[in-house]
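# What the coordinates show
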Amino acid sequence: MQLLAVGLNHTTAPVSLREQLALAPDQLGQAVQAARGWFARIDARGGDEAAILSTCNRTEMYAASDVDNPLDASAHFLADYHKLNFAELRPHLYMLPHDAAVRHAFRVASGLDSMVLGEPQILGQMKDAMRLADEAGGLGTYLHQLFQRSFSVAKEVRTTTEIGAHSVSMAAAAVRLSQRIFDKISDQNVLFIGAGEMIELCATHFAAQNPKNITIANRTMERGETLAHRFNGKAIRLAALPDQLAQFDIVISCTASSLPLIGLGLVERAIKARRHKPMFMVDLAVPRDIEAEVGRLDDVFLYTVDDLGQVVQTGLESRQAAVAQAEAIIETRVKSFMHWIDDRAMVPVIQDLQENSEAMRLFELERAKKMLARGDDVDAVLDALSKGLTAKFLHGPQQALHRAQGDERARLATLLPQLFRGRR
């Protein structure tokens, strides 16, 4: 069974490609089942494990498989499942085997592979990915252990280092960029589209700037009203956007929609109604909520999740010591995990030895019972029992030594005495 991680992220692929591989939470279970089916078609023995993590910054599959070349099989699955040309997708994929896959999982969980160094949201997203994969039947011994150890490593890194201290979040970066366009946020009307964790975080940061008003637009009115109430704002339905978009100076969107919610024509009409007063827009969704063409309008300042990523890189130098500490912790835990995998590989060998030994013991025990039943001397029976067990245990090693030649015989001659040197 080989462990692997195959996928792409914000460092290997632009948002235009990442959004084509993005999966909503309610799509992950089906994708996991499809991945296991893909492996089963290659090798009908089955037993393969799969889990998929999909966020705005990454889509990657973790797997444990015994098919030939599982890395290549996984990469082709991602292309086939998303109906993408493999030759075009391949340059953007990382394909990590064995300890590299384990190291990657530990780094992702710890926030070292995130656009915002040390950000905590990814840990919750990984836990959700594990739960959904488990519900879909994708987890087995290897991936279950990989995820549990990833969570443990992440906790250790966050507890013993300052990897998350003073990090600049996407929400804070959005505020910082908006202040380049508007002198005072307190004079602006702010619209948030969606009501998820990222929108809640952004609303918290913008609310601290005391904007003129805050509005939440959401598909579910009740959830929108709950979030709006926290910030003394109001809620509207998504269907109201065409009529009300022109009222807002700042628009932050992050939904799970598979298609854009705001198109070029809608924004053009809004800008005209605003008499070309600037509009600042941030699209944190993958797939994107706002059509890319909107960014070409003269009076619109549109930023994507990748644009904000460049802002949050500031201050990385001050955290390099924490990164070095975290990497050292991860490296130690990777070695520990790979040792566990090596031990797992020996389990069938140990089981086979135990079964053969038990069969020998039972055979000699049954023979001894028969000898006792016919009245043989107890000492003679015990002597025969011990000699019979010894002969059976030594038969295999002796035959291997006789059949071996050259270097193999020399290695066995050194190894066997060590194996059979018992306590006296």
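First, a word on what this report is: a plain description of the structure on this page. (Residues numbered from 1 in each chain as written. Predicted model: local features only at pLDDT ≥ 70, side-chain atom pairs only at ≥ 80, totals over all residues. Heavy atoms only, no water.)

## Details of the overall build of the chain
Each helix and strand counted, the chain has 16 helices and ten strands in total. Computed over C-alpha atoms, the radius of gyration of the chain comes to 31 Å, more than 25% over the 22 Å expected from 2.2 N^0.38 for 424 residues, which places it beyond the range of a compact globule. Viewed in the frame of its principal axes, the chain has a C-alpha envelope of about 110 × 45 × 45 Å. Taken over 424 residues, the chain has a buried fraction of 47%. Of the accessible surface of the chain, which amounts to about 21900 Å², a share of 51% is contributed by carbon and sulfur atoms. Between the centroid of the 47 positive side chains of the chain and the centroid of its 52 negative side chains there is a distance of 3 Å. (Helix = DSSP H or I, 4+ residues; strand = E, 2+ residues; numbered from the N terminus. Rg over C-alpha atoms; globule rule 2.2 N^0.38 Å. Buried < 20%, exposed > 50% of the residue type's maximum accessible area, 1.4 Å probe, protein only. Areas by Shrake-Rupley, 256 points an atom, 1.4 Å probe, with all protein chains shown as cover. Lys, Arg positive; Asp, Glu negative; His and termini not counted. Charge placed at Lys NZ, Arg CZ, Asp CG, Glu CD.)

## As for the packing of aromatic side chains
For the coordinates displayed, the defined rule picks out nine aromatic pairs. Aromatic side chains Phe147 and Phe151 sit 6.2 Å apart centroid to centroid with 35° between the ring planes, which places their arrangement in the tilted category. You can see Phe147 and its partner Phe151 sitting in helix H7 (residues 141-160), four residues apart, about one turn around the helix. There is no split in this pair, since Phe147 and Phe151 are both buried. (Phe/Tyr/Trp six-rings, centres within 6.5 Å; stacked < 30°, edge-to-face > 60°.)

## With respect to the layout of surface pockets
Space inside the second largest pocket adds up to approximately 200 Å³. Lining of the second largest pocket is provided by Leu353, Asn356, Ser357, Met360, Lys392, Phe393, Gly396 and Pro397. For the lining of the second largest pocket, the secondary structure elements donating two or more residues are helix H14 (320-373) and helix H15 (378-403). (1 Å grid on protein atoms, 1.4 Å probe; cavity = no way out; pocket = protein on both sides within 12 Å on 5 of 7 lines; lining within 4 Å. Points joined across faces, edges and corners; volume = space filled by probe spheres on them.)

## What about helix H3 (residues 70-81)?
Compared with the 16 Å implied by 1.5 Å per residue over twelve residues, the 16 Å span of H3 between its first and last C-alpha is a close match. Here H3 has its buried residues at Pro70, Leu71, Ala73, Ser74, Ala75, Phe77, Leu78 and Ala79. Lining the buried residues of H3 we find strand S1 (2-9), helix H2 (25-42), strand S2 (49-54), strand S3 (58-65), helix H4 (86-89) and strand S4 (94-97). A positive phi of about 55° marks Lys83, the residue just after H3. (Expected span 1.5 Å × (residues − 1). Contact = heavy atoms within 4.5 Å.)

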